[in-house]
Amino acid sequence: MTPDFEAQLRAVSLRVTRPRLAVLAALRDHPHVDTETVISLVRQDHPTVSHQAVYDVLRALTNAGLVRRIEPAGVTARYESRVGDNHHHVVCRSCGVIADVDCVVGHSPCLTASDDRGFAVDEAEVVFWGTCPDCSADHTANEPPVGRK
């Protein structure tokens, strides 16, 4: 995958560096992670990379459109490498896990605001909240049988 990452970086006029390649690989393999997790993942193969270098890389990749920063309410900013489509996210209220949710196929209804106030809308950000299957199963397993307390 490194040649693909190199081509992506060059396509947006960014120099190809080891930290940039490492961050792109980390986000490819671990979507929706926070900055501290990215730092830990990068340092597994590049222990001398500084915190600041990873922060700078994330900012550069986000500004170039190679990485997307998402900030669901009450959750630390997360990063993903899935860009260029209008997908959304579902967040577990219990454990905080985040998963991608594709927009409705065909006509993009989420890009048609009921009143766009004159804006030329080109993206919609939707966050669905709920409980993931693992947390739902844990909650159900810890409940007493119906009728007992």
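That block above? That's the structure.
Caption draft 1: Spatial organisation of the sheet that holds strand S3 (residues 88-92). Strand order in the open sheet formed by three strands is S4-S3-S5, with mixed pairing between adjacent strands. The two strands at the open ends of the sheet, each matched to only one other strand, are strand S4 (98-101) and strand S5 (127-130). Each adjacent strand pair in this sheet contributes to an overall mean axis angle of 25°, direction not counted.

Caption draft 2: Summary view of helix H3 (residues 35-45). Within the sequence span of H3, burial applies to Thr35, Val38, Ile39, Leu41 and Val42. Within H3, the buried residues cover an arc of 165° as seen down the axis, which keeps them to one side. Contacts from the buried residues of H3 go to helix H2 (18-29), helix H4 (51-64) and strand S2 (78-80).

Caption draft 3: Up close: the nonpolar core. Ranked by size, the top nonpolar core spans 20 residues in total, and within it Val23, Leu27, Val38, Val54 and Leu61 carry the most contacts. The set of elements that each furnish at least two residues to this core consists of helix H1 (2-11), H2, H3 and H4. Of the residues forming this core, the biggest block, five residues, is contributed by H2. Among residues more than four places away in sequence, those in contact with Leu61 are Leu9, Leu14, Arg20, Val23, Leu24, Leu66 and Val67.

Caption draft 4: Structural view of H2. A rise of 1.5 Å per residue sets the reference length of H2, with its twelve residues, at 16 Å; its end C-alpha atoms lie 16 Å apart and thus fit the reference within 8%. Where H2 is concerned, the buried positions are Arg20, Leu21, Ala22, Val23, Leu24, Ala26 and Leu27.

Caption draft 5: Geometry of the side chain of His88. Locating His88 in the fold gives a position in strand S3. In this structure His88 comes out as buried when scored by relative accessible area, which is 4%. From its side chain, His88 meets the backbone nitrogen of Val126 in a polar contact 3.3 Å long.

Caption draft 6: Quick peek at the environment of Asn63. Within the fold, Asn63 resides in helix H4. The exposed category is assigned to Asn63, whose relative accessible area is 64%. Asn63 sits 51 residues away from Val12 along the chain, and the two C-alpha atoms are 9.9 Å apart.

Caption draft 7: Spatial organisation of unusual backbone geometry. The backbone phi angle of Ser13 is positive, close to 60°, even though this residue is not glycine. Relative accessible area serves as the criterion here: at 68%, Ser13 is assigned to the exposed category. One non-glycine residue, Arg117, lies in positive phi territory at about 55°.

Caption draft 8: The pattern of salt bridges, seen in detail. Counted according to the given criterion, the structure contains nine salt bridges. Between Glu71 and Arg69 there is a salt bridge, with the nearest N and O atoms lying 3.0 Å from each other. The partner of Asp85 in a salt bridge is Arg82, and the shortest N-O contact between them spans 2.6 Å. For Asp85, a relative accessible area of 32% gives the class partly exposed. Here the salt bridges share partners, and the residues they tie into one network are Arg82, Asp85, Asp100 and Asp102.

Rules used throughout
Residues numbered from 1 in each chain as written. Predicted model: local features only at pLDDT ≥ 70, side-chain atom pairs only at ≥ 80, totals over all residues. Heavy atoms only, no water. Pairing = 2+ DSSP bridges. Helix = DSSP H or I, 4+ residues; strand = E, 2+ residues; numbered from the N terminus. Axes fitted to C-alpha atoms, helices over the stretch in contact; angles between N-to-C directions. Buried < 20%, exposed > 50% of the residue type's maximum accessible area, 1.4 Å probe, protein only. Arc of directions from axis to C-beta. Contact = heavy atoms within 4.5 Å. Core = buried A, V, L, I, M, F, W, Y, C linked by side-chain atoms within 4.5 Å. Expected span 1.5 Å × (residues − 1). Polar contact = N/O pair within 3.5 Å; in protein donor to acceptor, adjacent residues only side chain to side chain. Salt bridge = Lys/Arg side-chain N within 4 Å of Asp/Glu carboxyl O.

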